[in-house]
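Chain by chain, the residues run as shown.
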Amino acid sequence: MHTPITRILKAAGLIALPTLFMHSCSSKGDTPLLEGKLNVDEPTQVAIVYDYDGDNIVTELTTDSAGAFIYNPRLEGNEADVIIYVGQDLYGAYIKQGCSTHVDIDGTKATFTGDNTDRCQFNNTLYQAFSPWVFKPTPDHPFQLQEWTDRLNEGYARTQQAIDAVTDADARARYQRLTDATRKYYYLQILSLDRMMNQTDNEAKMDSLVATIDPNADESRLSGLINYWYNQARLTPHTNQPIDLTTYFVAQINAIDSALTNEGNKRSLYNTLTSMYFMYQPSDSDITAFRAGIAPQLAKSPRVAEHIEQLLAERAKQVKDGDMLPSDPTLITRDGSRTTLSQVIAGKVAYIDFWATWCAPCCREIPYFEKVWQQYKDDERIVFVSVSQDDNVSAWEKKMDNDKPAWPNYIFEKNSGKQFLDQMGIHAIPRFLIVGRDGRIIHTDAARPSDKDIKSILDEALAR
């Protein structure tokens, strides 16, 4: 199961910066910018992403059955540092028009041959050392401040060695700034986790670190630090008076335009805020007002305007309450047997949990889910179902073996599961779904089991 790439980007907070320096390359004729080979035995999805002045340029590919792929676009800006996503695994590379590089990927190891291997190795080291999954607690691996800090320092040391091997002095200097910024970003993440998990009072320390962020530096955008700056900047006056959603987001985007001089950093925040705005499900008239309110920014940022059009297209296709399920994904049990979602829920009200072992908020809901299931376990009119979207099947199997849940638990078959989640518009978890006995969706985004009203919501669904 692969999480949609746009959502992975938000989670990662890491995007790649187009380079500004010239390098000589051997003549390659029609050889592509980047050829790759994964150690897989079936077609596998790959996404390659780079940042062009604040816009994410995303290409999604599928390898052949032997894992081979070719990436050969006309680059914006002529050259780029790129991130390669294979499921939740991250790799990095550097590409330049007129040059050619080959990468062999086997597990966590990436081996580069061809042009600019020093810069490829730096990017690969950076994105593996500072992958968001490296700093994401799980129930089987809970957060410990010292361990996470040691992990951060070890990753920084490895990345520093990769910087030292880069031959171009200007590139080394820029990579050093990016590495330092990325380290700061993840240290802030660690401090946030420490405050959440251990109730540590480290707000003053975090505030002092955020105060050192230069909001106009490229590395602030590329590392994700710009988001910490924005959250603390308080760009518009605080008011106790009610303010409607559209007015608020328009004011924020206009304030960013006034506060920053780096157009790429502006565009990055515009895109983030636009996605947030659409998550609140604004009306068509509100969207019209939103676009009018940020017209000056859209005129300078055509890809932000394209982003809005993409969100509108997704919105038009979005499954709504009352619709039938858009597809019937295959589900796999712990013992390896297969069924389908329609077979599992046929003729019953279904309360379905979409989750993953790496998702801490998902795992926090599991005890509540069990309590609600206990209340209804003898009621044959309703079925409780948990479906994991883990890429790492062994992690899911381990949790099943440890927890031994008594209600039905499955993991998605990769391809049909991805299709289902995309059609449902499920881009973030935990997500809960209530389906009626007739197979029609009652709630596309149902209350969580920890919600105080969940019993009345389920009783209402049963009464239909």
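Structure's up top.
Calculation rules
- Residues numbered from 1 in each chain as written.
- Predicted model: local features only at pLDDT ≥ 70, side-chain atom pairs only at ≥ 80, totals over all residues.
- Heavy atoms only, no water.
- Helix = DSSP H or I, 4+ residues; strand = E, 2+ residues; numbered from the N terminus.
- Buried < 20%, exposed > 50% of the residue type's maximum accessible area, 1.4 Å probe, protein only.
- Expected span 1.5 Å × (residues − 1).
- Polar contact = N/O pair within 3.5 Å; in protein donor to acceptor, adjacent residues only side chain to side chain.
- Disulfide = S-S within 2.5 Å.
- Pairing = 2+ DSSP bridges.
- Axes fitted to C-alpha atoms, helices over the stretch in contact; angles between N-to-C directions.
- Phe/Tyr/Trp six-rings, centres within 6.5 Å; stacked < 30°, edge-to-face > 60°.
- Lys NZ or Arg CZ within 6 Å of the ring centre and 35° of its normal.

(A) Molecular detail of the environment of proline 367. With respect to the helices, strands and loops of the structure, proline 367 is situated in helix H14 (residues 360-376). What makes proline 367 partly exposed here is its relative accessible area of 44%. C-alpha separation for the pair proline 367 and proline 449, spaced 82 residues apart in sequence, amounts to 8.8 Å.

(B) View of helix H4 (residues 169-198). Compared with the 44 Å implied by 1.5 Å per residue over 30 residues, the 43 Å span of H4 between its first and last C-alpha is a close match. Its side-chain oxygen 3.0 Å from the backbone nitrogen of aspartate 170, aspartate 168 forms the N-cap of H4. Positive phi shows up at glutamine 199, right after H4, with a value of about 55°.

(C) Highlighting the state of the cysteines. Throughout the structure, instances matching the rule amount to 1 disulfide. Here cysteine 359 is linked by a disulfide to cysteine 362, with a sulfur-sulfur distance of 2.3 Å. A torsion of 80° about the S-S bond marks the disulfide between cysteine 359 and cysteine 362 as right-handed. The buried category is assigned to cysteine 359, whose relative accessible area is 4%. Sulfur of cysteine 120: no disulfide; nearest cysteine sulfur belongs to cysteine 99 and is 9.8 Å away. Cysteine 363 carries a free sulfur, and the closest cysteine sulfur to it, the one in cysteine 362, is 6.3 Å from it.

(D) Looking closely at the pairing of strand E14 (residues 431-435). Most of E14 is tucked away: 5 of the 5 residues are buried. Side chains Arg431, Leu433 and Val435 of E14 all project onto a buried face; the interleaved residues Phe432 and Ile434 project onto the opposite face, where all are buried too. Inspection of the sheet shows strand E11 (residues 349-355) paired to E14 by 5 bridges, in the antiparallel sense. For phenylalanine 354, the partnering residue across the bridge sits in E14 and is arginine 431.

(E) Structural context of the sheet that holds strand E1 (residues 34-38). One open sheet holds the 4 strands; their spatial order is E4-E1-E7-E8, and the pairing between them is mixed. Each edge of the open sheet carries a strand with a single partner, namely strand E4 (68-71) and strand E8 (109-114). In this sheet, neighbouring strand axes are inclined to one another by 20° on average, regardless of whether the strands run parallel or antiparallel. For E1 and strand E7 (residues 101-106), the ladder comprises 5 bridges, and the chain directions are parallel. Residue pairing in the sheet places leucine 34 in a bridge with threonine 101 of E7.

(F) Quick peek at the packing of aromatic side chains. Tallied over the full model, the rule gives 23 aromatic pairs. Pairing tyrosine 248 with phenylalanine 249 gives two aromatic rings, centres 5.3 Å apart and planes at 90°, and the pair type is edge-to-face. Tyrosine 248 gets classed as partly exposed once you look at its relative accessible area, which sits at 35%. Taken together, the ring pairs connect Tyr351, Phe369, Trp373, Tyr376, Phe384, Trp407 and Phe432 into an aromatic cluster. For arginine 119, the ring lying beneath its charged end belongs to tyrosine 94, and the centroid distance is 4.1 Å. Above the face of the tyrosine 156 ring, arginine 183 is positioned so that its terminal group lies 4.1 Å from the ring centre.

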